Every structure is written in structure tokens, then in C-alpha cells.
Amino acid sequence: MNNSLIVKVVSQKMVPFIIMLGASIILHGAATPGGGFQGGVVIGAAYILFALGIDAKTARLRLPVIKVKIVESAGVLIYAFTGLGGILLGSNFLANKIVLFPPQGEPGGLFGGGTLIPITIGVGIHVACTVASLYYAFVEYEGEPKPDKETE
Amino acid sequence: MIHLFSSASDNGSHLQVLIPVMLICTALVLHLIYYWRPRICPYIATGIISLSFISALILLVKVIHSPNGYLEYFAGHSWSGQRYLASGQPIGIVVRTDLFGALIAALVTGLGTLASIYSKHYIPHTIKTSNIGYYYCLLVLMIAGMAGICLTGDCFNFYVFLEVASISSYGLVAMPQTKQSLEAAFKYMVVGALGSILLVFGIVLLFSATGTLNMAYAAQQVHKIVTAPPGNPLHNFRHLVFASLGMFIIGLSVKSAFFPAHAWLADAHPAAPSSISALLSGLMVKSTGVFLFIRFLFTVFGLHKHEYGMLLAPLLMIIAVITILGGSVFAIAQNDIKRMLAYSTVAQMGYILMGVSLISPAGLEGAILHIFNHALMKSLLFMSAGALIYKTGIRDIREMSRIGYRMPVTMVCFTVAAMSMIGIPPLNGFMSKWALAKAALDANLPMLVVVLLISSLLNAVYYFRVVGTAFFGRAQQHEEIPHADIIRNNHGHSLLQNSYGYYSLADKDRPNENEQELPWGMLMPLIILAAAILFFGVKVGILREIIRPAVQVLWR
């Protein structure tokens, strides 16, 4: 890859701002357009920009695949356990407005969604990590070592 | 602990959502567990699937004892809340499990348990070691998707579960990473995606016509629209309903491999690992295909209530007859045993469609009975064929002479399933064919019985060919396969490529060559399934006790 200084510096400096945008979309998921998926894609795109700026190997050292996978699974588990919380507190699966955390705010406000906040955070984490691991899958594909001699 | 089994304020059970949720959560952790503790990964998978099987059985008993014949669970609702709008439309996602769904869910998780037991010994010899974690992850996800389809009562919810099951099955077919399996997986993915798109389109049209995604409420709306007289504003929506019905019929025909959309099945099912072939043929084409076919045609569109049912019945019947005869004839032409079994599945799907196309309670009973019985038979056939390939590396029927003496238990299990498939009386295949034939006679269509008999004859031709070669074939020396290239697979085992391009392990690398029969872990699922075939053949009354009320619920 070309070692253009401008590309390298600008892509590194942009990353925190893009992540903040993504986090904002995720946190306001209950009240505004967007939500876990959209914000998660933005955060994943920030990672791709970061990895394109420096080369893929260095990026991989910063964020190993196995860590991505762990956080990815954790996102789903956040969602699932928010749902199970409803059952444990004596109501139905994914029931809202019965869980003490997060605080219940005004409808339309940041905490107005009740249990939607942990759910969108879980979805956001999962989607961000999925986008990152898709990038790994495409960049690091080296062809299959197939036991195949046929030439067709 | 008490409210784990029944939700406090509804006529529902938490198990309806807990079964898919626990499977999905475990699946997403399994591949991480494999990273650190590869040994315990199969045990966890088997454990969670058998736990879901027990849950599904509890759920089945609860549904049988429920007054309406179904359980309704309002996901996302708290104790006291409004459940319905003033118009009677339910709020939110309603998980509605009727007897039919609960029965198929128990079948899915039960066969899934057996397949995952079977996988423990079988899989390390079929796929790369580094992929085993992903294999179990996808296996559990696929079972979660299929169980979810059976338990839900919401149009979009079923679609999500259908995609969960389908996408994991594309990955599982590609697992061996040979040329055949990759090609088959790609074909399967393209055709499967086509079917899924048609289904989404059908859901969209249904939603725009009825304004709801809840199946039970959509059924009421469809009934109002179809029976509305000209001049009523609802009358204008009937075209949307008909278009939606068409989309569902075509999309689900692709998913359940009816003629002419059967070709993907004959590639995808043989190329997958045998444990997965068993689940694909036994469950996947049924839960994502025929199950939804019956669910939508009867529960939502009310084919038995409206005049378009009478128009569609002959069309479905023609497709069924072509599927039955075509599948059987193609199966005779195959030399590869797994490919033969795949074509046999196509023919059997035709039987089920034939039962549906009669549009009578008796026909539907026969179809559901055949769904259940065929799942048991075809899983056993694929698992024992996989065991033959695992032990001897032979896929070609012509090379199987006297293999029954080397692996007696496996071949006896295969023979039991084959006899049942042909329809020999004490076994369960006979019972469902009998029910279908009786339903056809009741509907005054004796030609369908003739088709059933011809197809049974054709079944006998290709199944007795295998059984006859295995037990009574000429003893031949094991010759080197001509033009076999000895190559190395991912484990460093030598592989022989036979004339069909499939790979099998070379003699010296076969697992436990001294031991004649299979390891106990692989033999146990085969014996359980063979016993189940015999049991449900003799005690078919147990199934009928469940299926008759299930049909009554569908028929309302």
C-alpha cells in the first residue's frame, strides 16, 4: 500500500469522531431515526478506515480477531439477557418498563426507551464487530488449500 | 422457578421463547469455547440441544392440555397491559404455538440431538479441525431457526427464523470445503435466496392488504377481504391477497423442493456432511418448506374455506404427481448412494404435497403423519449411509457388495429404514402411506392411489438394489479404483478420488480399521432411530392422538 502521509494522518484523526457519531446514533436509537444497526455500521466503518490508513497487519495487532469475536458474542448476550431479565422479574420475555436499570426517563428523551437502551447497545456492538470481521474475512482471504488436483 | 414454565398473566409458556433463545445464545458462545476448550464443545452442543428437546416435549404436553389447542405468548408485554387494540388486533409479536408446531418442534430438537451425538465421531474426519467450532455453532443455530419457525405465530418473526436456519445451512453444506460441496452450497444459496425473496414479497403484500403481521389476525382479515362483495372497499384488496398467496406458494415450493424447483436439493443434500444431510432432508425441507406451506395455506389463507382452494387443488395435485414420479425415476438412475437418497426425498415431498392438495382433514392428517415419519426414516438412511462412507469410503452402490457382513448393525438399520420407505406393514412408512391412500380414496381420486403404488414399486427398485448388493452381492475383491489420484486432505490423510469426483479416505488412513463396526457414539443414534421407526409403526395411535386435534386447529 502507498505510504501517503496525508491519508495516514487524516484517517487516524477521523476515527474518534466517526465513533462518536456512531455512539450517538446508537444511544438515540429509541427516539430518533437510526438505531443499533446503523450506528454499529458507522463504528465498523471507522475501524475499516483505521485499518486502511495503516496496513491490515498492524491494525490486526491493535485489534485481534479473537477479541472481535468475543465482543461480537457479548453484544448478542446483552440483548438476550435484557430479554431474560423480563422473565426473571416475573413478566414476559423482553418486557419493558419493569427493569430498574436503566432509569426511566421522559418518552422521547435519551432514557425514554427503558430496556431499549441496552438492546440497541447490544445490537450496535454486534453489528460493529460483524463489519470489522467481514473486513478481516475479505482482506485475509488467501484462497483455500484444497486437496484438488483437477484442472478445469 | 414456577414462572419459567407458564407466564403469569397469559395463556402461554415462557418455553415458547426460551427454546430458540437458549439455543442461539449457546451457539454464539460455542465457537469461542472451541477456541480454548475444543474437547468439551460437542458435549455442550449435545447438552443444550437435548435440553431444548426436553423443553419442547414439556411444551407439547402443555399444548395438548391447553383448552384451545394453542398457546399464545405476548413477547415484550409486562404483567398487566393492553394485549389487543379495540379492533381486536394484537399488539406486538405474538408467539403462538399450536399442536402442529409443537409436534414439529419436538421432532426438530429430537433429531437434532441425535445428529449432534452422531457428529462427535463423524465430524473430525470430514471437515477441517479449525472449523469444528463453527460447525457446532452453525448446527445449533440451524436447529434454533427451525424450532423458532415451528413455535412462532408472526409473519415476520417466522421469516427471521427461516433466514437463520437457511443461512446456517448454506454454511454447513460448504463445510467439507471440497469442490463439490462449495459448488452445491453456492447453488443452494442462490436458489434459497430466491425463495426467501419471494417470501418477503409475499409478507409485504399480505401486510399491505391486511395491515398486520400476526398470522391469526391476518387470517380474519383475509377472510373478510375475500368474502367482501363487489362495491365494498375491502373488495379492492383481494388482488393483493391473491398475489401474496402466489408468492407464498412459489417461494415455499422452492424451499420444499417441489418440481420444477427440486434441482438444488439433489446437489446440496449429498454434498453436505452426512449428519447435516440427515437434518436437511429430514427437517429443513419440512420446517422451512412444507410446514410453512400448510401453515400459510390453511391457517392464513384458509384454502379450505374459499373458492380459490378448489382452483388451486388440481394444480398442486399435478405438481405432486410429477414430483413423486420424477423423484423416484431420477433416484433409480443414481449410483451415488447419498444422491439417490436426496432424490428419494424429492419424491417423498411429493407425497406430502399430495396429502395437502386433497384439501381434506384426512389428507392433511396423512401429510403431517408423513412429515413426521419421513423425518425419522430419511435421517436414519442418511446417517447410516454416512457411517458406510466414514468406515469404508464407498459412496458408489455398485462397490457395496457384501458390506452388510462387515458392518451388520449399520446395514440392518439401513434396511429397516429402507423397508419403511417402501412401505412394508409393521413400519411407520406404511402407516402414513396407508393414511394418504385412504384420504385419496375418500376424496374419490383412485388415480392418486395408483400413483402411490407405482412410486412404492419404484422405491422398492432402488432401495432393494442397495440392500441386495449389501447382503447378497457377489463377493468381489477390493480393487484399486481406476484413475484414483492419491492426494492429501487437510488432516494429512490420503484421499482417493472416485469417478464421481467425491473424495474418500484411502485404506491406510481410515479410522480404526481393526474395528469392524462403528464407534458406540455413532451407532446409538442409528439404533434409536430404527427403534423409533418400529415403535411409531406399531403404536401409530399415539401420533394420531396428537395429529387429529392438530388438524382440527388448522382447519378452523
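Residues numbered from 1 in each chain as written. Chains lettered and ligands numbered in written order. Predicted model: local features only at pLDDT ≥ 70, side-chain atom pairs only at ≥ 80, totals over all residues. Heavy atoms only, no water.

Remarks on the overall build of chain B
Step number 1: Regarding its fold elements, chain B presents 19 helices and five strands.
Step number 2: Within the span of chain B, comprising 556 residues, buried residues form 64% of the whole.
Step number 3: Looking at chain B alone, contacts between residues at least 24 apart form 76% of all its contacts between residues at least 6 apart.
Step number 4: By element, 68% of the accessible surface of chain B is carried by carbon and sulfur atoms, the whole surface being about 20000 Å². (Helix = DSSP H or I, 4+ residues; strand = E, 2+ residues; numbered from the N terminus. Buried < 20%, exposed > 50% of the residue type's maximum accessible area, 1.4 Å probe, protein only. Contact = heavy atoms within 4.5 Å. Areas by Shrake-Rupley, 256 points an atom, 1.4 Å probe, with all protein chains shown as cover.)

Remarks on the layout of surface pockets
Residues and elements named next belong to chain B.
Step number 1: The computed volume of the second largest pocket comes to approximately 440 Å³.
Step number 2: Breaking the lining of the second largest pocket down by element, the ones donating at least two residues are α2 (41-65), α3 (99-122), α13 (361-392), α18 (520-538) and α19 (540-555).
Step number 3: The element contributing the most residues to the lining of the second largest pocket is α3, with seven residues.
Step number 4: Its residues assigned to classes, the lining of the second largest pocket shows 18 nonpolar, two polar and no charged. (1 Å grid on protein atoms, 1.4 Å probe; cavity = no way out; pocket = protein on both sides within 12 Å on 5 of 7 lines; lining within 4 Å. Points joined across faces, edges and corners; volume = space filled by probe spheres on them. Nonpolar A, V, L, I, M, F, W, Y, C, P; charged D, E, K, R; others polar.)

What about the packing of helix α6 (residues 179-210) of chain B against helix α7 (residues 215-227) of chain B?
Residue and element names in this part refer to chain B.
Step number 1: Where α6 meets α7, the closest approach of the two axes is 10 Å, and the angle between their N-to-C directions is 70 degrees. In this view, α6 runs roughly perpendicular relative to α7, as classed from their interaxial angle. Like other packed secondary-structure pairs, α6 and α7 cross with a definite hand, here left-handed. Contacts between α6 and α7 pair Leu206, Ala209 and Thr210 from the former with Ala218, Gln221, Val222 and Ile225 from the latter.
Step number 2: Tallied by class, residues from the contact of α6 with α7 come to five nonpolar, two polar and no charged. (Axes fitted to C-alpha atoms, helices over the stretch in contact; angles between N-to-C directions. Parallel < 35°, antiparallel > 145°, perpendicular 65-115°, else oblique. Left-handed = near helix turned anticlockwise from the far one by under 90°.)

Considering the packing of aromatic side chains
Step number 1: Throughout the structure, instances matching the rule amount to 25 aromatic pairs over all chains.
Step number 2: Aromatic side chains phenylalanine 100 of chain B and phenylalanine 291 of chain B sit 4.7 Å apart centroid to centroid with 35 degrees between the ring planes, which places their arrangement in the tilted category. Of this pair, phenylalanine 100 of chain B sits in helix α3 while phenylalanine 291 of chain B sits in helix α10 (residues 274-300); the two residues are 191 residues apart in sequence, bridging distant segments of the chain. Like phenylalanine 291 of chain B, phenylalanine 100 of chain B is buried.
Step number 3: Members of the aromatic cluster, each reached through a chain of ring pairs, are Tyr47, Phe50, Tyr135 and Tyr136 of chain A.
Step number 4: It is arginine 83 of chain B that lies over the ring of phenylalanine 74 of chain B; its NZ or CZ is 5.4 Å from the centre. (Phe/Tyr/Trp six-rings, centres within 6.5 Å; stacked < 30°, edge-to-face > 60°. Lys NZ or Arg CZ within 6 Å of the ring centre and 35° of its normal.)

Quick notes on the nonpolar core
Step number 1: The biggest cluster of nonpolar side chains holds 188 residues, and the ones touching the most others in it are Ile294, Phe296 and Phe301 of chain B.
Step number 2: For this core, the leading source of residues is α13 of chain B, giving 17 residues.
Step number 3: Dropping the residues within four chain positions of it, phenylalanine 301 of chain B is found in contact with Leu206, Val222, Val241, Ser244, Leu245, Phe248, Phe296, His306 and Tyr308 of chain B.
Step number 4: Judged by nonpolar contacts, the second largest core, of twelve residues, contains Tyr47, Ala59, Cys129 and Ala132 of chain A. (Core = buried A, V, L, I, M, F, W, Y, C linked by side-chain atoms within 4.5 Å.)

What about the environment of aspartate 98 of chain B?
Residue and element names in this part refer to chain B.
Step number 1: Residue placement: aspartate 98 occurs in strand β2 (residues 94-98).
Step number 2: Once residues within four sequence positions are removed from consideration, aspartate 98 is found in contact with Val63, Gly69, Tyr70, Arg295, Val553 and Leu554.
Step number 3: Separated by 2.6 Å, the side chains of aspartate 98 and arginine 295 make a polar contact. (Polar contact = N/O pair within 3.5 Å; in protein donor to acceptor, adjacent residues only side chain to side chain.)

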